[in-house]
Amino acid sequence: MTAASMLFSCSMYVGVSNPKMASKASACCLLNRPLSCSSSKSISSCGMFGVSEKSKLLCRASALHVESVPSFSVGQKFQFDDVIEAQQFDRETLSAIFEVARSMENIRNNSSGSQMLKGYLMATLFYEPSTRTRLSFESAMKRLGGDVLTTENAREFSSASKGETLEDTIRTVEGYSDIIVLRHFESGAARRAAATANIPVINAGDGPGQHPSQALLDVYTIEREIGKLDGIKVGLVGDLANGRTVRSLAYLLAKYRDVKFYFVSPNVVKMKDDIKEYLTSKGVEWEESSDLLEVASKCDVVYQTRIQKERFGENINLYEEARGKYIVNKDVLKIEVEVDSDPRAAYFRQAKNGLYIRMALLKVLLLGW
Amino acid sequence: MTAASMLFSCSMYVGVSNPKMASKASACCLLNRPLSCSSSKSISSCGMFGVSEKSKLLCRASALHVESVPSFSVGQKFQFDDVIEAQQFDRETLSAIFEVARSMENIRNNSSGSQMLKGYLMATLFYEPSTRTRLSFESAMKRLGGDVLTTENAREFSSASKGETLEDTIRTVEGYSDIIVLRHFESGAARRAAATANIPVINAGDGPGQHPSQALLDVYTIEREIGKLDGIKVGLVGDLANGRTVRSLAYLLAKYRDVKFYFVSPNVVKMKDDIKEYLTSKGVEWEESSDLLEVASKCDVVYQTRIQKERFGENINLYEEARGKYIVNKDVLKIEVEVDSDPRAAYFRQAKNGLYIRMALLKVLLLGW
Amino acid sequence: MTAASMLFSCSMYVGVSNPKMASKASACCLLNRPLSCSSSKSISSCGMFGVSEKSKLLCRASALHVESVPSFSVGQKFQFDDVIEAQQFDRETLSAIFEVARSMENIRNNSSGSQMLKGYLMATLFYEPSTRTRLSFESAMKRLGGDVLTTENAREFSSASKGETLEDTIRTVEGYSDIIVLRHFESGAARRAAATANIPVINAGDGPGQHPSQALLDVYTIEREIGKLDGIKVGLVGDLANGRTVRSLAYLLAKYRDVKFYFVSPNVVKMKDDIKEYLTSKGVEWEESSDLLEVASKCDVVYQTRIQKERFGENINLYEEARGKYIVNKDVLKIEVEVDSDPRAAYFRQAKNGLYIRMALLKVLLLGW
């Protein structure tokens, strides 16, 4: 992987491990923010990658040794009414959701397609715009034969601007639809909506709070690329203090056996104690390091988050230093240039993985297992 | 009903009379503006409720004695090309529309659903945003198997900002769709659109003008909750001078027998003479009162509209006085606390009633009776 | 045609030549900008019309002598992956696309309709709002049984505002859909998107660049109205220096035999030399004229573009003079008053032609010939 190849990323980059390429491949890289080509700033933004020999083997194994999942009976009711936060799922449920997601990969855009959710209406109630997340959910619903009621910017365009409460809106919208996908700017909004609604609510991001389908998609992608979730070594690099993605990932991966975390970050944005204590309480190993190169050489997966200038306040020189130090660039990833000749392949996999996870969530919430 | 339970309202609150609860129930309450929980201001905004013994009986009867309607032959052409204002419908047509609306209640979101409007495209052309109304129409269309072309904010996003006339836009959009639902900021816009278009136009609100599907939905809800429209006593409370809702309601209910209106409002926003004269000319009784408690005790239905501060100009003290005087609160509605243990039930009924009315309008405009 | 009848125009006005009216008709008029009723300013904006005796005959012939097209085999792959600019099509391909467009005219909104594109998802990715173009594409997709993911304003509402590149967005969106319709504010954006995407991209306007479906629709409309494209005389009037429409039209019509152009414009916005040289190199005759009346009397088709005040800078008096001089009004078009008793008919034809062309493009890109 070159720096250039990373530029294609958006929200997740997998540098490797198309199963067919697995014998040549050795890295898995997830980015949780888009990188853009033109500015050197964004080159430092984020990245997840794996560079150990071990990951190479695991990638090769991915198509063969998918964890056998304890099945829920087909048609059995899904055990949750809503999807509000990643933590609500235990390991067994995650595995079952991933199994449903994998089955969604076979649904193609042929003349028949799936009509599994025909007659169902999903309302995408977005109080802040997020085209990517919205289109992913809407595509998921339509690929399953369902239909969609859309609000692109409920905050500006709706009664919200006239002082209507979220609860008021939810009660109205649930009269028109069968499931609500809510994006909101306030932490806790999804929980309030779910408490109000008599139909399922999926949290598609509530401010600094949760974005569970994104967290599930990160874990699902790691499993698809690495072939397992137990026993993996994960480097978390960059701004670890802020942002829901890194925290959700830590919570979710803590449900698996023998996961080890490496935290690499500037002092001002170090991983917070609550997560460290949570991991320790669950028997999950973690260590902090300032040596990105060494960490990268040990990990199966490196997950990098963007370091935001505004977190450094007046210490702009610390920011400049931090940026330079925690860039996942072609030196860190030097082995990968030959790995993924078409870096866009990773994008297709990532966007599709998000689609499959969302198809799976819609399916189990509306139809059960 | 407590003040708290009223807070759940949006645009219409029915405090009572789920048919299954009718023997215990005695009140019917419609709000034509959302109330929000947090501010005392909004508690005074609006409410429609019924508190007489009579309404109790009528509610109980609602599921049994629906007025038998003079039917139009199935398949017969609908007698209007467009739906522009509530007054265009006579009593017979209203009854027939309500009958179609009731039949829509059986259309469920099952795997088949209705395909009645399959192949039809509805364009929702909204020059001012109104998520609630838009989603209601779009849900209605999709529940009948039709599909939708959406503009969430045609004023900002379209050629309108380049000086294109409404007529130009209508002529273009009618080439793409089979029916147009228009929301506009100018009174009379819907009539102009209908004069231009060769396909049906539904007025979804044109500024201070009409919003006929809302007016139909109010009357339909009263009939569903109270069981009849003849012989009812209706209190109109709050700002009666402004706002299309109260005026439309007066016009529509005047088509029924032995309806009596009570107007309760501050002097500055009293019911205007044109409506009073219209009612008198139709032989409809009305009286003005300043005693909300007394009126509430006499009425089957109380419909409250929000008193807007800006109407009082510099006489802010009059506003404060008016607000306090015309609040429909738990004292006025003291009997209702036990009536509706789940105040949200009313919301489901209200939103669904709006949906059924809009499904009915789409059906008769596109397919006939 | 009266000035008043022109007011109904939007983007294209055909003043004549409903085949049933052809024996009485003699003019064909296309406007590439909407005219609005209320301001005298807009009366001068644009117009395409034909007034020669010849066109009368040609119009009459239109239903009979459509050019026989060299067919591509049904099911054969379309020779382009994307539709980026009008020039990419040779005459043979244009004829074949027009033939498909004509076949689309039979697809009606009946209970079955076409399900040709059932299961296909089109993403309309609009970085600048254009309700008209968007609804036309979305209607085309839905009339063929496909479905749509919509962004009304991707620039404001998406990650674009967070600095995500177009390429990033394309790679994500192609994971969710089967074809992308892109509207962008930068010239060349569509080409960049097509280079990135593994699914077809249609350029729905990229700033000052191309808008090929509009250009195809103009030519298709001329053929439908006049009955042929070879041997026609075309007046281009107004601002010929700016605007993609006039330039595209010149490029496309140059593919036909014995086409002659007349350019009528103020000096400051004369047709640029590159187009003149291109036409000359292709053996296409052209001449400049300042006499609109004389040109109108010679042409089969007059295409007028709006003269924009801002092009004249401080020479506002030149602007006023130019406006007055190049208005296509009832004096210029005096013969037409009786031609088209229902001027709206032309709108239906124009909007529908746009629809058919877009249906045809979606069909050939997704299913082949």
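Remember, it's a predicted structure, so these values are computed and weren't measured experimentally.

A. Looking closely at the overall build of chain A. On a plain count of helices and strands, chain A comes out with 14 helices and nine strands. Across the 369 residues that make up chain A, the buried fraction comes to 65%. Taking all contacts inside chain A whose residues are at least 6 apart in sequence as the whole, residues at least 24 apart take part in 75%. Counting only carbon and sulfur atoms, one obtains 49% of the accessible surface of chain A, whose full area is about 13,000 Å².

B. Seen up close, the packing of helix H10 (residues 244–253) of chain A against helix H11 (residues 273–281) of chain A. Residue and element names in this part refer to chain A. The interhelical angle for the contact between H10 and H11, taken along N-to-C directions, is 10°, at an axis separation of 10 Å. The orientation of H10 with respect to H11, classified from their angle, is roughly parallel. Contacts from Arg247, Ala250 and Tyr251 in H10 reach Asp274, Ile275, Tyr278 and Leu279 in H11. Partitioned by chemical class, the residues of the contact of H10 with H11 number five nonpolar, no polar and two charged.

C. Looking closely at the environment of Asp168(B). Looking at where Asp168(B) falls in the secondary structure, it is placed in helix H7 (residues 166–173). Taking the C-alpha atoms as reference points, Asp168(B) and Ala193(B), separated by 25 residues in sequence, lie 9.6 Å from one another.

D. Broad picture of the sheet that holds strand S3 (residues 147–151) of chain B. Residues and elements named next belong to chain B. With respect to topology, four strands assemble into an open sheet ordered S3-S2-S4-S5, the strand pairing being parallel. Edge positions in the sheet fall to S3 and strand S5 (201–206), since each of these pairs with one other strand and no more. Taking each pair of neighbouring strands and ignoring which way they run, the sheet shows an average axis angle of 15°. Sheet analysis places strand S2 (residues 121–126) next to S3, joined by five bridges and oriented parallel. Paired with Thr124 across the two strands is Thr150, which belongs to S3.

E. Local environment of the confidence of the model for chain A. Residue and element names in this part refer to chain A. In the predicted model, chain A carries a mean pLDDT of 75, and the fraction of residues at 70 or more is 68%. Within the model, pLDDT remains below 50 along residues 1–68, and this stretch shows 231 contacts once partners closer than five positions in the same chain are excluded. In this model residues 334–344 is a low-confidence stretch, pLDDT under 50, and it forms 32 contacts with partners more than four residues away in sequence or in other chains. Confidence estimates for the predicted assembly give a pTM of 0.81 and an ipTM of 0.77.

F. Representation of helix H5 (residues 131–143) of chain B in the model. Residue and element names in this part refer to chain B. Over its 13 residues, H5 extends 18 Å from the first C-alpha to the last, a length consistent with the 18 Å expected when each residue adds 1.5 Å. Counting buried positions along H5 yields 13 of 13 residues, so the element is predominantly enclosed. Taken from the residues just after H5, Gly145 is the one with a positive phi, measuring 90°.

G. Quick peek at unusual backbone geometry. Of note in this structure, Asp258(B) is not a glycine but carries a positive phi near 55°. Within the fold, Asp258(B) resides in the loop between helix H10 (244–253) and strand S7 (260–264).

H. How the structure looks around the sheet that holds strand S3 (residues 147–151) of chain C. All names here are of chain C. One open sheet accounts for four strands, arranged S3-S2-S4-S5; its pairing is parallel. The two strands at the open ends of the sheet, each matched to only one other strand, are S3 and strand S5 (201–206). Across the sheet, the mean angle separating the axes of adjacent strands is 15° when strand polarity is ignored. In this sheet, S5 lies alongside strand S4 (residues 179–184) in parallel orientation, the contact comprising four bridges. From the neighbouring strand, Leu182 faces S5, where its bridge partner is Asn203.

I. Structural context of the environment of Arg183(C). All names here are of chain C. For Arg183, the location among the structural elements is in strand S4. Sequence spacing of Arg183 and Pro129 is 54 residues, and the spatial spacing of their C-alpha atoms is 8.1 Å. Discounting chain neighbours no more than four positions away, the residues touching Arg183 are Leu125, Phe126, Tyr127, Glu128, Ser130, Thr133, Ala204, Gly205, His211 and Arg244. Within the structure, the side chain of Arg183 is placed 3.2 Å from the side chain of Glu128, a separation counted as a polar contact.

J. Main features of the side chain of Asn353(B). All names here are of chain B. As for its position among the elements, Asn353 is in helix H14 (residues 344–367). Residue classification places Asn353 among the buried positions, given a relative accessible area of 5%. In this view, Asn353 contacts Glu105, Leu217, Tyr220, Thr221 and Arg224; residues no more than four positions away in its chain are not counted.

K. Up close: the packing of aromatic side chains. All names here are of chain A. A full pass over the atoms with the stated rule returns 27 aromatic pairs over all chains. With 6.4 Å between their ring centres and 65° between their planes, Tyr127 and Phe185 make a pair best called edge-to-face. Taken together, the residues span a long stretch of sequence, with Tyr127 in the loop between strand S2 (121–126) and helix H5 (131–143) and Phe185 in the loop between strand S4 (179–184) and helix H8 (189–196) at a distance of 58 residues. For Phe185, a relative accessible area of 25% puts it in the partly exposed group.

Calculation rules
Residues numbered from 1 in each chain as written. Chains lettered and ligands numbered in written order. Predicted model: local features only at pLDDT ≥ 70, side-chain atom pairs only at ≥ 80, totals over all residues. Heavy atoms only, no water. Helix = DSSP H or I, 4+ residues; strand = E, 2+ residues; numbered from the N terminus. Buried < 20%, exposed > 50% of the residue type's maximum accessible area, 1.4 Å probe, protein only. Contact = heavy atoms within 4.5 Å. Areas by Shrake-Rupley, 256 points an atom, 1.4 Å probe, with all protein chains shown as cover. Axes fitted to C-alpha atoms, helices over the stretch in contact; angles between N-to-C directions. Parallel < 35°, antiparallel > 145°, perpendicular 65-115°, else oblique. Nonpolar A, V, L, I, M, F, W, Y, C, P; charged D, E, K, R; others polar. Pairing = 2+ DSSP bridges. pLDDT = per-residue confidence, 0-100. Expected span 1.5 Å × (residues − 1). Polar contact = N/O pair within 3.5 Å; in protein donor to acceptor, adjacent residues only side chain to side chain. Phe/Tyr/Trp six-rings, centres within 6.5 Å; stacked < 30°, edge-to-face > 60°.

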